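# Survey of secondary and tertiary structure
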Amino acid sequence: MYKILIVDDNEHNVQQVHSILERYNYSSGFLLEPEYFFERLKYESFDIVLMDVHMPNIDGLTLLKKVKTDPDFDQIPIVMLTADDNEKVLKECFDAGATDFLKKPISELELISRLKTIIANAEYVKRIQ
């Protein structure tokens, strides 16, 4: 079973995404304070991260860049989440190494479809290695 970490400072968003994941039997954890992201990854492993772009203290884009330069965690697929319509933000996320991008409010169909694609790709890579 794939384990997904939701990183978002908005508890309502976290509950919404967690609820969707639960309906599809995904295991998930959450983090409301992104500054503790690396500490969390050191004691608990996750297969996919869903991360909000706009958060206080450290924004998702900055955190994404740090993850992608850390050899211990750089292979974790990260899906960025935002209500922002700015395509510049989308480009910056992909340039920084985001695996995918979802607009808020989160569509259940879109979230589950994207997760299935990420998981299928991960399974394929495992088979060919």
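Residues numbered from 1 in each chain as written. Predicted model: local features only at pLDDT ≥ 70, side-chain atom pairs only at ≥ 80, totals over all residues. Heavy atoms only, no water.

## Focus on the sheet that holds strand β2 (residues 27-31)
Note the following rule: For two strands to count as paired, DSSP must find a minimum of two bridges between them. A run of DSSP states H or I qualifies as a helix once it reaches four residues; a run of E qualifies as a strand once it reaches two. Both are numbered from the N-terminal end. Only the stretch in contact is used when a helix axis is fitted, and all axes are lines through C-alpha atoms; the angle between N-to-C directions ranges over 0 to 180 degrees. Every residue pair with non-hydrogen atoms within 4.5 Å of one another is taken to be in contact.
With parallel pairing, the five strands of this open sheet are ordered in space as β2-β1-β3-β4-β5. Of all strands in the sheet, those with a lone pairing partner are β2 and β5 (100-103), marking the two edges. Averaged over all adjacent pairs, the angle separating strand axes in this sheet is 20°, with direction ignored. Of the pairings in the sheet, the one linking strand β4 (residues 78-82) to β5 comprises four bridges and is parallel in character. Across the sheet, the residue bridging to V79 is D100, located in β5. Sitting on the sheet, helix α1 (residues 11-23) is in contact with β1 (3-7), β2 and β3 (48-52), with an inclination near 165° to β1. Most of the contacts of helix α3 (residues 60-68) go to β4, to which it runs at about 175°, and overall it touches β3 and β4.

## Focus: the packing of α1 against helix α5 (residues 108-128)
Inclusion rule: Here the word oblique covers every angle except those under 35 degrees (roughly parallel), over 145 (roughly antiparallel) and from 65 to 115 (roughly perpendicular). Left-handed describes a crossing in which the near helix is turned anticlockwise from the far one by less than a right angle; the clockwise case is right-handed. Think of it as three bins: nonpolar holds Ala, Val, Leu, Ile, Met, Phe, Trp, Tyr, Cys and Pro, charged holds Asp, Glu, Lys and Arg, and polar takes everything else, Gly as well.
Interhelical geometry of α1 versus α5 gives an angle of 60° and a closest axis separation of 11 Å. Comparing the axis directions of α1 and α5 gives the class oblique. Viewed along their axes, α1 and α5 form a crossing whose handedness is right-handed. Packed against α1, whose contacting residues are V17, I20, L21 and R23, the element α5 presents E108, L111, I112 and L115 at the interface. When the residues that make up the contact of α1 with α5 are grouped by side-chain class, the tally is six nonpolar, no polar and two charged.

## Structural notes on the pairing of β4
As a reminder, the rule being used: Remark: exposure states derive from per-residue accessible area (1.4 Å probe, protein chains only) relative to the maximum for the residue type, with buried under 20%, exposed over 50%, and partly exposed in between. Handedness of a crossover: with both strands directed away from the viewer, a clockwise path from the first strand across the helix to the second marks it as right-handed.
Burial analysis of β4 places five of its five residues in the buried class, which makes it a mostly covered element. As judged from the four bridges shared by β3 and β4, these two strands associate in the parallel manner. Its bridge partner lying in β4, D52 is registered against L81. Taken together, β3, α3 and β4 constitute a β-α-β crossover, and its handedness is right-handed. Taken together, β4, helix α4 (residues 87-95) and β5 constitute a β-α-β crossover, and its handedness is right-handed.

## Quick word on a nonpolar patch on the surface
What counts is decided by this rule: Candidate patch residues must exceed 30% relative accessible area and have no salt bridge, after which like charges are joined if within 9 Å and Val, Leu, Ile, Met, Phe, Trp or Tyr side chains if within 5 Å. Note that accessible areas follow from Shrake-Rupley with a 1.4 Å probe, and for residues the cover is restricted to the protein chains shown. Here a salt bridge means any side-chain nitrogen of Lys or Arg lying within 4 Å of a carboxyl oxygen belonging to Asp or Glu.
On the surface, Y124, V125 and I128 cluster together to form a nonpolar patch covering roughly 290 Å² of accessible area. Within the fold, I128 resides in helix α5. Assessed through its relative accessible area of 56%, I128 is described here as exposed.

## Side note on the pattern of salt bridges
By the definition in use, this model includes 11 salt bridges. The salt bridge involving D52 is made with K104; its shortest N-O contact spans 3.1 Å. Placement of the pair is D52 in strand β3 and K104 in the loop between β5 and α5, with a sequence separation of 52 residues. K104 carries the same exposure label as D52, and that label is buried. Here the residues in one salt-bridge network are K3, R40 and E44, joined through shared partners.

## Digging into the nonpolar core
To keep it simple, the criterion reads: Side-chain atoms within 4.5 Å are what join buried Ala, Val, Leu, Ile, Met, Phe, Trp, Tyr and Cys residues into a set we call a nonpolar core.
L5, V7, F37, V49, M51, M80 and C93 are the most contacted members of the largest nonpolar core, which totals 24 residues. If you list the elements that add at least two residues to this core, you get β1, α2 (37-43), β3, α3, β4 and α4. It is α3 that provides the largest number of residues to this core, a total of four residues. What M51 contacts, discounting residues up to four positions off in sequence, is V7, F37, G60, L63, L64, I78, V79, M80 and L81. Core analysis: the second largest hydrophobic core is formed by 19 residues, V17, L111, I112 and I119 among them.

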